[in-house]
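What follows is the residue order along each chain.
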Amino acid sequence: MSELSSLPLAATNDLSALRRTVADWKLKGLQVGFVPTMGALHEGHLSLIALAKEKADRVVASIFVNPAQFAPGEDFDAYPRTLDADAAKLAHAECDLLYAPVASDMYPDGFSARLSVEGPARGLETDFRPHFFGGVAIVVAKLFNRVQPDIAVFGEKDYQQFLVIRHMVRDLDLPINIIPGETLRERDGLALSSRNAYLSAQERSTATSLNEILAAFTADLEKGIDWETAQGKALAKAANVFDRVDYIEARCAETLSPLPAGPVLQPARVLAAVWLGKTRLIDNMPVG
Ligand code: PAF
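Attention in this report is confined to the structure presented alongside it. (Residues numbered from 1 in each chain as written. Predicted model: local features only at pLDDT ≥ 70, side-chain atom pairs only at ≥ 80, totals over all residues. Heavy atoms only, no water.)

### Regarding the side chain of Asp86
Item 1. Looking at the secondary structure, you find Asp86 in helix 3 (residues 83–92).
Item 2. Here Asp86 occupies a buried position and makes no salt bridge, while the nearest side chain of opposite charge, Lys89, is found at 4.9 Å.
Item 3. Setting aside residues up to four positions removed in sequence, Asp86 forms contacts with Gly39, Ala40, Leu41 and Ile63. (Helix = DSSP H or I, 4+ residues; strand = E, 2+ residues; numbered from the N terminus. Buried < 20%, exposed > 50% of the residue type's maximum accessible area, 1.4 Å probe, protein only. Lys, Arg positive; Asp, Glu negative; His and termini not counted. Salt bridge = Lys/Arg side-chain N within 4 Å of Asp/Glu carboxyl O. Contact = heavy atoms within 4.5 Å.)

Here is the structure:
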């Protein structure tokens, strides 16, 4: 891993240095945007940086592979760590500061705080990764407290995460505007994700089915087919293609609460998590 000082953009892992830089910007009346990431950056992340740059005068990106959101046996160790390439991409995207804290600083010995989130965190990801949103909430709350941004951009690819953070910020009265960034897709529709790098060539060609299945599910709902029938069709197709299906569901777009039986008459979202070999893919789409 490179020394942060040799990277092609301003970068620090030091909290005081981060705070000095941001305080200096704020003294000048500049609005600060923030894009938290775990690195392994792709065009999807860079579109979030571009959106933050549109909405704010200065942009901080963080790279921190957060151990608190991985359960034992998940891919924390395997998660791609590509700091040099990430820094080059951030520099090209004209990100103003990279903050890359170390784990012992984020979670010093004896760290004991926990954040419990409910509401949109109920079900879906939580049914399969019960540790996940607590881990995301605590790290994002810490990063918000450290960076003190005016706005923060979260990708809609992780739609449930975006809603959980938006609710957390509202519930904790944090003065941060949470802005959604659209999902970017490959030409065949596969949503960009750092975890796509795990897919073998054969898995990669199968992975496109997730987008097709969700698009067909969405189209059925938009035709007025009741969600139970449309979901049954989507689940049957997915069971034929994927090694495992965690969930494929339609939920209320704002709260992620379950929909009333029958045709969908309110803003909704279809969401899915499936497995190809050792790779878990998630995706979602708006209905209507
Ligand atoms: O979406 C991610 O990459 C992570 O969950 C986040 C928001 C950076 C927190 O670690």
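### Regarding the nonpolar core
Item 1. Among the nonpolar cores identified, the biggest contains 42 residues, and Val60, Val140, Phe144, Phe154, Ile165 and Ile178 are the most heavily contacted of them.
Item 2. Among the secondary structure elements, those contributing two or more residues to this core are helix 1 (15–27), strand 2 (32–37), strand 4 (97–99), helix 6 (132–147), strand 5 (151–155), helix 7 (159–171) and strand 8 (268–276).
Item 3. With 11 residues, helix 6 is the single largest residue contributor to this core.
Item 4. When neighbours within four sequence positions are excluded, Ile178 is seen to be in contact with Phe144, Ala152, Phe154, Phe162, Ile165, Arg166 and Val169.
Item 5. Listed in part, the 26 residues of the second largest apolar core include Leu190, Leu214, Ala230 and Ile248. (Core = buried A, V, L, I, M, F, W, Y, C linked by side-chain atoms within 4.5 Å.)

### Details of the site of the ligand
Item 1. Every residue lining the ligand is accounted for by Pro36, Thr37, Met38, Asn66, Gln69, Val136, Val139, Phe154 and Gln161.
Item 2. In the model, an oxygen atom of the ligand is placed 2.6 Å from a nitrogen or oxygen of the Gln69 side chain.
Item 3. Gln161 places a side-chain nitrogen or oxygen 2.7 Å from an oxygen atom of the ligand.
Item 4. Across the complex, the protein chains shield 89% of the 290 Å² of accessible surface that the ligand would expose by itself.
Item 5. Among the elements of the structure, strand 2 and helix 6 are those that each provide at least two residues to the shell around the ligand.
Item 6. Taken together, the residues of the shell around the ligand break down into 5 nonpolar, 4 polar and no charged. (Near = heavy atom within 4 Å. Polar contact = N/O pair within 3.5 Å; in protein donor to acceptor, adjacent residues only side chain to side chain. Areas by Shrake-Rupley, 256 points an atom, 1.4 Å probe, with all protein chains shown as cover. Nonpolar A, V, L, I, M, F, W, Y, C, P; charged D, E, K, R; others polar.)

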